[in-house]
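What follows is each chain in one-letter form.
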Amino acid sequence: MLWAGGYARQRSLRLLLLLGLGGVLQLAETLQVLMRSEPLTVSLNYNVSIPCNISGYVTPELDIKKVGVTWFHKTQSADKEQEVFVFHTGQHIPYRNGASMSDNDLKRGNAALSLPQIQFKEAGIYRCYVIVTPSEADGTTILQVVAQPTVNLTPKEVTIESEKERTLSCEVNKFYPNSVGITWTKISKNSQDNSVAAEDICTGASAENKDGTFNVTTKLRLQPSLQDNGNIYSCIVSHETFPAKLFLNSTLTVTAPKSDLNSIIGAVIGTIITCIIVLGLGSCVYNKRFKKIPPTVIAFIGNAEMKHLEDAFLHCQISGFRPKPLTVFFFLKKYQKQKEEIYFWNSEKGGFKQDEESASLLTTSKTFQFHIYLNLLENGTFEVPCTIQVTPDVHELDKAELTLEVTHEALQKCPLVQNMQLNVTAMPVLDPILCSTDVPRPDEPITLTCRIHSFFPEKINLVWCKDDVPVPEKPFISDVAMGPDGLFFCTTSLTLLLTVENIGKRFICKAKVKDSHQYKESFWTLENLIFTPKLSNIVCEPCVPESGKAVTLSCQVRDYYPAQCQVHWRRGFEEFIKAAIKNQDPQLDAATNLYHQASQVTFTAEPEDHAVEFFIEVSHYNKTIRQSHALMLKGFPRVTDIILSPNDAEYGKPLSLTCKIMDFYPNDIQIRWYREESEIKNDSAGQEPKKDSNGLFYTSSALQLKPSVLDYGKKISLMVMHKTLTKQITKSVYLKLPAKSPAVSEIRAIPASPKVNQSVCLEVSISDFAPKNIKVTWYKEWSELPADNCPTDVQIGKNGLCFSTVRIQFITTTSDNGKMFRCEVIHPATNSHTEKWFILKLGDSSTNTGDTSTLTINQNHPLSPRPISQEVHSLKIECTTSNPKVGEDVTLRCFVHGRTADSTYISWFKGKYLIEDGMENTDCEDGSGFITSVTFKPEEQDKECKIRCEVSTYDESFEDSYILKLA
């Protein structure tokens, strides 16, 4: 990890930002940085995201090119901060390997710092320093790095004779910080005392590992009596990484000492036993010292589920054999490879094991380590215990076969063989769950995303839970892919609508590989929901304000949480200069647990304020809510909004726009209509001003239009001028006319049958499109022909839409005969892409046209080389099902003239997809042709789809299309 910088760089960065980011629009009056108040705890080698939320800016999003963020780190032992990461005018400058920030998150005010593979030395205080010119703010949080210990108690079961001594050992390994509590207790059936004598406990000093973690071992000496039989001894370990104390138990079995009965036996049976001994001596000596006994093998007991690169232990027991010479072989057969010997041991060379500490560990590779020795038993036979430590690699050992072969002279010719198939899995690693927003709101869905990686085999089981209960929502799971390390990864996400009841709940993603019983998990906790403020209508006092007198506008801000928010009043989009603003402190509603407050502004109305929109603007956790009020002064004209009739404008159909003007005096008033900046002088009519009961005048103005492409995306405005006004009153409306994709005719040739060296013109008609921007390209085969790609003679039809005829002219050559000429029409506004093609036949050859249909842009579009016959109009598809519906059988049929079903190839298409089933062809009895039909069940997305029938013969093809509309 690289660290650099200090206060000098901080000061230079601040100066650069303050001087270089002039003109920043996000002027923040009270910029704030919100960070965790409690320490953030993360485990060693895990990834961590340190939150830093920015608030107090007034735009919906931050312009990240005009924002500066610097992250500093300081350990307890250091005197100065060190820079970790700098974000400056859109550039990322990491001073720690892997440190990063998200541009998308920063736009929403989230300047969180992501650090992968965190280490102990990175614990300490992190400071997030933010500049949004000309304001600056910072905040700090504490990062703690911990490691959870592994605990092992041996042995788990103890069997000893009364008054003899054994020791229990409890090992606590790989923990941090170096503060761990270890105690011993016992549970006895014969005593209520659970204490363990302090003199029987020996706890060593903790030892530090190379990675900074610690180990400690404690031992308990046992010297039990028969009364202690059945006692359970517990090693109790507590550490700050454990949610509760950890208990490991060992059960004690106490047996009575063996009795010496030789003197009693000798006194009772005397001479009889002597005779028996004499007679059986030879047999006994033979059986005990000289008779050959084959070994018994119990092999491969231990870890059934082996984990990738995690130590596993297998145990073998070879026992009850005589004489001593015995040979042990271990073989490994990997997938589709020959069996190879990986370990050999001979009892003549292995020696006897005296005690546990003196046993040697024989290592042949990093994957397998063998711990094997020889024991002489009291009955004169031998035993060989073997422990195999395996550190498996899933790519090397999964489905490999481990074989033990034991040879001994009592086995005659055949060795004892034991096999075991190794099943190795890589447990999934779950990254921290990421939330799509740092400000979850109850009315906006959020998405939780978790990346799962480093697992094997490919099949994985995923479960999302809220606390410990599976969620009803169905999660998204991406396709499982293999990474460069040969292990698999995928991503899962869950979309939720949160409620107040979810606050404090943990959302857990659990994953396990096939046949595993252990889930790995990652979780995200909903700490708070952000309730966006609701604004009441603005109330004006007095109801009818007058110029030169005081006016008060007030608004209620209610039902929001948390309490922090900024309230501003604006005239138009400018801050008030001469106004008294009063904001009430937030009040908590005990019934809803949400806040509310009132806000008002008082100012003196002036003539310039008439018809001006006054806004209250509330900024709350990166979201801004506005409410407006148009101030209408007494004696000044009052203008209503423009009303459309009908409500939805359509091309070429009459449309009326009406606006009322009231409360003005005197009656001399000017009213004008505009399309953008151009005045519409015709088609508008206004009433003569009339006087109302208050002596003021009123009138209305109407504009009659037949919308055309000229109105596409254009603003229609009404402007009112009156002597009381210092500037005109403007009301505007957009007609919301849709873009229309073009209809393209077949290609026509003029003349229809040109000859070699004759001038020929190819043309297509393009109609009914809006707006008029269109691109036309001509091709011969796949080579583009020189032509003007943007038609200049685009006209507007009576239906208000554009039409144009596009031509290309050239002199034919012999090589043009049979060539395919294509016309490609692209309409950018609708992303439509239409192609028409034409086979040119010179001399007496007839021309042929075809339609490759409209495709979406960028879609692959292979063209058929077959000509399309002029008989295209002889086909006519009809639907024989009345009132077709989704999920019910629909039948379409088509009559093919002058052909038989056996002489043609028929295909039906739904959109661009072939309909494979439900087709039937029937020849007509009079020989006039045949009828082809298709029956299928349309789906929800087929409510308005294109059905196409294509009929092909040896030398030609023809087709027809039908638009299926479902009820």
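Residues numbered from 1 in each chain as written. Predicted model: local features only at pLDDT ≥ 70, side-chain atom pairs only at ≥ 80, totals over all residues. Heavy atoms only, no water.

K.L.:
Break down the nonpolar core for me, with residues and values.
P.N.:
Judged by nonpolar contacts, the single largest core of 73 residues is most densely connected at Leu553, Ile616, Leu657, Leu762, Ile766 and Trp778. Not counting the four nearest positions on each side in its chain, Ile616 is found in contact with Leu535, Ile538, Cys555, Val557, Val567, His568, Trp569, Ser599, Ile625, Arg626 and Gln627. Counting 64 residues, the second largest nonpolar core, distinct from the first, contains Ala312, Val394, Ile452 and Leu494. (Core = buried A, V, L, I, M, F, W, Y, C linked by side-chain atoms within 4.5 Å. Buried < 20%, exposed > 50% of the residue type's maximum accessible area, 1.4 Å probe, protein only. Contact = heavy atoms within 4.5 Å.)

K.L.:
Which residues make up the side chain of Thr141, and what are the values?
P.N.:
Structurally, the position occupied by Thr141 is in strand E10 (residues 135–146). For Thr141, a relative accessible area of 4% gives the class buried. At 3.3 Å, the side chain of Thr141 and the backbone oxygen of Arg36 are in polar contact. (Helix = DSSP H or I, 4+ residues; strand = E, 2+ residues; numbered from the N terminus. Polar contact = N/O pair within 3.5 Å; in protein donor to acceptor, adjacent residues only side chain to side chain.)

K.L.:
Account for the state of the cysteines, naming residues and giving values.
P.N.:
Scanning all chains against the criterion turns up two disulfides. Across a sulfur-sulfur distance of 2.2 Å, Cys52 and Cys128 are joined as a disulfide pair. As the torsion about the S-S bond is roughly -75°, the Cys52-Cys128 disulfide counts as left-handed. Here Cys52, found in the loop between strand E3 (48–50) and strand E4 (53–55), pairs with Cys128, found in strand E9 (residues 124–132); they are 76 residues apart in sequence, far enough to count as distant. (Disulfide = S-S within 2.5 Å.)

K.L.:
Which residues make up the sheet that holds strand E5 (residues 68–74), and what values do they have?
P.N.:
Taken in spatial order, the six strands line up as E2-E10-E9-E5-E6-E7 in an open sheet, and their pairing is mixed. The open sheet is flanked by strand E2 (40–43) and strand E7 (91–94), the only strands paired with a single partner. Neighbour-to-neighbour, the strand axes of this sheet turn through a mean angle of 20°, independent of strand direction. Taken together, the seven bridges between E5 and E9 define a ladder with antiparallel strand orientation. The residue bridging Val69 from the neighbouring strand is Val130, located in E9. (Pairing = 2+ DSSP bridges. Axes fitted to C-alpha atoms, helices over the stretch in contact; angles between N-to-C directions.)

K.L.:
Quick rundown of the pairing of strand E23 (residues 327–333)? Include the residues and the values.
P.N.:
Of all the seven residues making up E23, six are buried; the element is thus mostly covered by neighbouring parts of the structure. The sheet contact formed by E23 and strand E24 (residues 340–346) spans six bridges and is antiparallel. Across the sheet, the residue bridging to Phe329 is Phe344, located in E24. What sits between E23 and E24 in their antiparallel hairpin is a turn of six residues, with Gln336 showing a positive phi close to 55°.

K.L.:
How would you summarise the environment of Phe803 if you had to cite specific residues and measurements?
P.N.:
Among the secondary structure elements, Phe803 is positioned in strand E68 (residues 802–811). Given a relative accessible area of 33%, Phe803 falls into the partly exposed group. Distance from Phe803 to Ser767, taken between C-alpha atoms, is 4.0 Å for residues 36 residues apart in sequence. In this structure, Phe803 is in contact with Ile766, Ser767, Phe769, Asp793, Val794, Gln795, Ile796 and Gly797, ignoring residues within four places of it in sequence.

K.L.:
Tell me about the sheet that holds strand E74 (residues 905–910), and please be specific about residues and values.
P.N.:
The four strands are arranged E75-E74-E78-E79 in an open sheet whose pairing can be described as antiparallel. Two strands close off the open sheet at either side, each with one partner strand: strand E75 (913–914) and strand E79 (957–965). Pairing of E74 with strand E78 (residues 944–952), which is carried by six bridges, proceeds in the antiparallel orientation. Across the sheet, the residue bridging to Phe909 is Arg948, located in E78.

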